[in-house]
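Structural overview for review
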Amino acid sequence: SMASPALLMRVVASAYSVAEKAATIVRNVMAAGDLGIVEKTGANDLQTKADRLVQMSICASLARKFPKVTIIGEEELPADEVTEELIEDGHCEEILKRTCPAQYTGIKEEELVIWVDPLDGTKEYTEGLLDHVTVLIGIAYGGKAIAGVINQPYYNYEAGADAVLGRTIWGVLGIGAFGFQLTEAPPGKHIIVTTRSHSSTLVNDCISALNPDSVIRVGGAGNKIIQLIEGKASAYVFASPGCKKWDTCAPEAILHAVGGKITDIHGNAFQYNKEVKHMNSAGVLAALRNYDYYASRIPNTVKQSLVP
């Protein structure tokens, strides 16, 4: 008889289905027309009905299946009873068939931390820039991002009425990442992807110092990592605090699973244990290839301005 799949693979397989359910909720809220927008700390820090419902759905669904796992979500929500229609009980068979990497086969529930961003790119969502939006579920062990799921609810939304909307990307360190076509940016070109709505002098000075051929400004950390793994950008540079652990955990796991690298602006790895502070206060630097080229060109003035 087959041994039952390792816990990690069961968690990832469930997170895949939970993310697909989340995408349906995101699309339904948008289609219904009332986004229920609330300002959290200001006009660039928004929460919608989709953020709230999706977080409830993801956290409750995963907590029901894996009660001892620590789950940390972006939104602070009242402990409402979650209605059954928000619960997703399914899993992706394809993922369960994969062999768990040996170093992760003995993981226990209480050793996992799941970082959830129910709707990354909320501001863009409210402005109709729907391709920027992602749902992020990152899985950490020993303080390290080891697996992740990124769903793009509106992938393909400009492809016409018959197009199938949405896609789910998943990855595990030691297995790889799936659900997209891994592509490297054009060699010799320095295309920087950075923030769209959280720009500053520091952000722009840092980018100028890298002497880029072009700069892409898009919303969402998940979306920016997708630009790297699909070869549309060669580096993701954000010389500012503001990004949080739930923004980077899932994207980091997927980027690292295909040989890329993400750190803060000083080159420090992010820590994802449950006690860690939520803010990535020293910014973000990431690349699929040639990470060292970009790291070596971050100006010292920028590094001095950003304290880890």
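Note that residues are indexed from 1 along each chain, following the sequence as it is written. Totals for whole chains, interfaces and linings use all residues, but because this is a predicted model, local features are given only for residues with pLDDT of at least 70 and pairs of side-chain atoms are given and counted only at 80 or more. To get the side-chain values, all heavy atoms of the structure are used, and hydrogens and water are removed first.

Labelled according to an unreviewed UniProt entry, the protein chain appears under the name 3'(2'),5'-bisphosphate nucleotidase 1, originating from Spheniscus mendiculus. UniProt positions are given in the numbering used here, feature names are shortened, and annotations may be inferred rather than shown by experiment. According to its UniProt record, the protein chain has this under Cofactor (unreviewed entry): "Mg(2+)". Regarding the protein chain, the UniProt comment filed under Sequence similarities (unreviewed entry) reads as follows: "Belongs to the inositol monophosphatase superfamily."

The next point concerns the packing of helix 6 (residues 221–229) against helix 7 (residues 245–257). What counts as an axis is a line fitted to C-alpha atoms, over the stretch in contact for a helix, and the angles between N-to-C directions run from 0 to 180 degrees. Only DSSP runs of H or I reaching four residues or more are called helices, and only runs of E reaching two or more are called strands; each is numbered from the N terminus. Between helix 6 and helix 7, whose axes approach to 9 Å, the crossing angle comes to 15°. When the axis of helix 6 is compared with that of helix 7, the two are roughly parallel. In this structure, helix 6 crosses over helix 7, and the sense of that crossing is right-handed. For the pair formed by helix 6 and helix 7, the contact residues are A221, G222, I225, L228 and I229 on the first element and D247, P251, I254 and L255 on the second. Class assignment for the residues of the contact of helix 6 with helix 7 results in seven nonpolar, one polar and one charged. Reported orientations rely on four angle classes, namely roughly parallel under 35 degrees, roughly antiparallel over 145, roughly perpendicular from 65 to 115, and oblique for the rest. Throughout, a crossing is termed right-handed when the near helix is turned clockwise from the far one, and left-handed when it is turned anticlockwise from it by less than a right angle. Only heavy atoms matter for contacts: two residues are in contact if any of them lie within 4.5 Å across the pair. Gly is placed with the polar residues, together with every amino acid not listed as nonpolar (Ala, Val, Leu, Ile, Met, Phe, Trp, Tyr, Cys and Pro) or charged (Asp, Glu, Lys and Arg).

To continue, consider the environment of L7. As for its placement among the helices and strands, L7 is situated in helix 1 (residues 7–32). The cut-offs for exposure are 20% and 50% of the maximum accessible area for each residue type, with area from a 1.4 Å probe on protein chains only; residues under the lower value are buried, those over the upper are exposed, and the others partly exposed. Relative accessible area serves as the criterion here: at 8%, L7 is assigned to the buried category. Distance from L7 to I107, taken between C-alpha atoms, is 6.8 Å for residues 100 residues apart in sequence. Apart from the residues within four sequence positions on either side, L7 is in contact with F66, I107, K108, E109 and L112.

A word on the nonpolar core. Ranked by internal contacts, the top residues of the largest apolar core, which has 102 residues, are L8, I58, W115, Y125, I137, Y236 and V237. If one sorts the elements of this core by residue count, helix 1 sits on top with 14 residues. The contacts of L8, once residues within four sequence positions are left out, are C100, Y104, I139, I146, A147 and V172. The definition of a nonpolar core used throughout is a set of buried Ala, Val, Leu, Ile, Met, Phe, Trp, Tyr and Cys residues joined through side-chain atoms within 4.5 Å.

Our focus in this paragraph is the UniProt feature "binding site: Mg(2+)" (unreviewed entry) in the protein chain. In the numbering used here, UniProt assigns the "binding site: Mg(2+)" (unreviewed entry) feature to E74, D117, L119, D120 and D247. Separation in sequence by 174 residues is not matched in space for these annotated residues, since their most distant C-alpha atoms are only 9.7 Å apart. One can find D117 in strand 4 (residues 112–120). Assessed through its relative accessible area of 1%, D117 is described here as buried. By the element assignment, D120 lies in strand 4. The residues contacting D120, other than those within four sequence positions of it, are H132, V133, T134, L136, G220, A221, G222, N223 and D247.

Moving on, we come to the packing of aromatic side chains. Only rings of Phe, Tyr and Trp enter the pairing, Trp through its six-membered ring, and a pair is recorded when the two centres are within 6.5 Å. The plane angle decides the type: under 30 degrees is stacked, over 60 is edge-to-face, the rest tilted. Scanning the model with the defined rule gives seven aromatic pairs in all. With a centroid separation of 6.4 Å and 40° between ring planes, the pair formed by W115 and W246 is classed as tilted. Of this pair, W115 sits in strand 4 while W246 sits in helix 7, and the two are 131 residues apart along the sequence. In this structure, W115 and W246 share a single accessibility class: buried. Where Y154 meets Y157, the ring centres are 6.3 Å apart and the plane angle is 75°; that geometry is what we call edge-to-face. The exposure class of Y154 is buried, given its relative accessible area of 6%. Each member of the aromatic cluster is reached from another via a ring pair, and the members are W115, W246, F270 and Y272. Positioned over the ring face of F178 is R98, at 4.3 Å from the centre of the ring. The criterion for a charge sitting over a ring is simple: Lys NZ or Arg CZ within 6 Å of the ring centre, and within 35 degrees of the ring normal. The ring of Y155 is capped by R167, whose NZ or CZ atom sits 3.8 Å from the centre of that ring.

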